Amino acid sequence: MLRTLRYALIAVLLLVLLTMALANRTVVPVRFLPEDVGALLGLSWQMELPLFLVILGGVAAGVLIGFTWEWLREHKHRKTASQRGRDLARLERELEVMRDSRSVPGDDVLALIEKRKAG
C-alpha cells in the first residue's frame, strides 16, 4: 500500500516537473555579475539556458546548501553520540571482565573461609 502511494506521488511529481519544464522552455541569459559590475571589473561571464534549468538548478543548489548546513550544524551531536558509544562499549567490556572474574567457581567460598581464619 505504501509502496503504491510512494510511486503515485513520484509520478505526480514527475508530471508536475515535466509540465513546468515544458511551460518554461524560453532561453534566458544567466549572468555571474550584474552588467554594470561586470563591465567595471572586465568580467562578463554569461550563459543562455532554458528557464526551467535555471529554476531546477536553484532548487537543487538550495537543497544542497541546506543539507550541508544541517550536516555541519549536527556535528556536535554526532561527536557526542560517538563518544558515548565508545564509553558504552568500554563499560560493557569492563562489566564482562567483572562478571567473568566473579563467576569463577570457588572464589566466594575461599573468600569466606579466609575471612573465618582471619577473624
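Our structure's up above, just so we're on the same page.
A quick note: this is a predicted structure, and the numbers were derived from the prediction, not measured.

**Q** Looking at this structure, how should I read the overall build of the chain?
**A** For the chain, the helix and strand inventory stands at five helices and two strands. Counting helices and strands in the order they occur from the N terminus, the chain gives α-β-α-β-α-α-α. Within the chain, the proportion of its 119 residues that are buried is 2%. Taking the intrachain contacts of the chain between residues at least 6 apart in sequence as the baseline, contacts between residues at least 24 apart amount to 41%. Accessible area for the chain stands at about 10,900 Å²; split by element, carbon and sulfur atoms hold 68% of it.

**Q** I would appreciate a short explanation of the packing of aromatic side chains in the present structure.
**A** Within a pair of aromatic rings, the relevant descriptors are the distance that separates the centres and the angle that separates the planes. A complete count under the given rule lists one aromatic pair for this structure. Between Phe32 and Trp45, the ring centres sit 6.1 Å apart and the planes meet at 85°, which makes this aromatic pair edge-to-face. In this pair, Phe32 sits in the loop between β1 (27–31) and α2 (35–41) while Trp45 sits in the loop between α2 and β2 (46–50), placing the two residues 13 residues apart along the sequence. Given the relative accessible area of 60%, Phe32 is considered exposed. According to the relative accessible area criterion, Trp45 is partly exposed, its value standing at 48%. Between the NZ or CZ atom of Arg6 and the centre of the ring of Tyr7, over which it lies, the distance is 5.9 Å.

**Q** For this particular structure, what's the right way to read the packing of helix α1 (residues 2–23) against helix α3 (residues 51–73)?
**A** The description of two packed helices rests on the angle between their axes and on the distance between the axes. Viewed as axis vectors pointing N to C, α1 and α3 meet at an angle of 135°, and their least axial separation amounts to 7 Å. The angle between the axes of α1 and α3 places the two elements in the oblique class. For the pair α1 and α3, the contacting residues are Leu17, Met20 and Ala21 in the first and Phe52, Ile55 and Leu56 in the second.

**Q** What should I look at first to understand a nonpolar patch on the surface in this one?
**A** A grouping of Tyr7, Ile10, Leu13, Leu14, Leu17 and Leu56 is seen on the molecular surface, where their side chains present a nonpolar patch of about 550 Å² in accessible area. Residue position: Leu56 is located in helix α3.

**Q** Is there a simple way to think about the environment of Val27 in this case?
**A** With respect to the helices and strands, the residue Val27 is situated in strand β1. With residues near it in sequence (within four places) discarded, Val27 still touches Glu48, Leu49 and Pro50.

**Q** Mind showing me how you'd approach the pattern of salt bridges here?
**A** A pair can form between side chains of opposite charge whenever their charged atoms are brought close. Counted by the stated rule, this structure contains five salt bridges. Note that Glu74 and Arg73 form a salt bridge whose closest N and O atoms lie 3.8 Å from each other. Accessibility expressed as a relative area gives 33% for Glu74, which makes it partly exposed. Note that Arg99 and Glu96 form a salt bridge whose closest N and O atoms lie 3.5 Å from each other. With Arg99 and Glu96 both in helix α4 (residues 75–102), this residue pair falls three residues apart, about one helical turn. When its relative accessible area of 41% is taken as the criterion, Glu96 is described as partly exposed. Through salt bridges with shared partners, a single ionic network connects Glu70, Arg73 and Glu74.

Scoring rules and cut-offs
- Position numbers for residues count from 1 along each chain, tracking the sequence in the order it is written.
- Totals for whole chains, interfaces and linings use all residues, but because this is a predicted model, local features are given only for residues with pLDDT of at least 70 and pairs of side-chain atoms are given and counted only at 80 or more.
- The side-chain values count all of the structure's non-hydrogen atoms but skip hydrogen atoms and water molecules.
- Helix and strand definitions here come from DSSP, where helices need a minimum of 4 consecutive H or I residues and strands a minimum of 2 consecutive E residues; each element is numbered from the N-terminal end.
- Each residue's exposure class comes from its accessible area (1.4 Å probe, protein chains only) as a fraction of the maximum for that residue type: buried when under 20%, exposed when over 50%, partly exposed otherwise.
- By definition, residues are in contact when any of their heavy atoms lie within 4.5 Å.
- Throughout, the Shrake-Rupley method with a 1.4 Å probe supplies accessible areas, and for residues the shown protein chains are the sole cover considered.
- The rule is short: rings of Phe, Tyr and Trp, with Trp giving its six-membered ring, pair when the centres are within 6.5 Å, and they are stacked under 30 degrees, edge-to-face over 60, tilted in between.
- Definition used: whenever NZ (Lys) or CZ (Arg) falls within 6 Å of the ring centre and also within 35 degrees of the ring normal, the charge is taken to sit over that ring.
- Axis definition: a line fit to C-alpha positions, over the contact stretch in the case of helices; interaxial angles, taken between N-to-C directions, run 0 to 180 degrees.
- Any angle that falls under 35 degrees is termed roughly parallel, while one over 145 is termed roughly antiparallel, one within 65 to 115 roughly perpendicular, and all others oblique.
- Nonpolar side chains (Val, Leu, Ile, Met, Phe, Trp, Tyr) within 5 Å and like charges within 9 Å form the patches, drawn only from residues with over 30% relative accessible area and no salt bridge.
- Here, a salt bridge means any side-chain nitrogen of Lys or Arg that lies within 4 Å of a carboxyl oxygen of Asp or Glu.

Take it as geometry only, folks, not as evidence of what the structure does.
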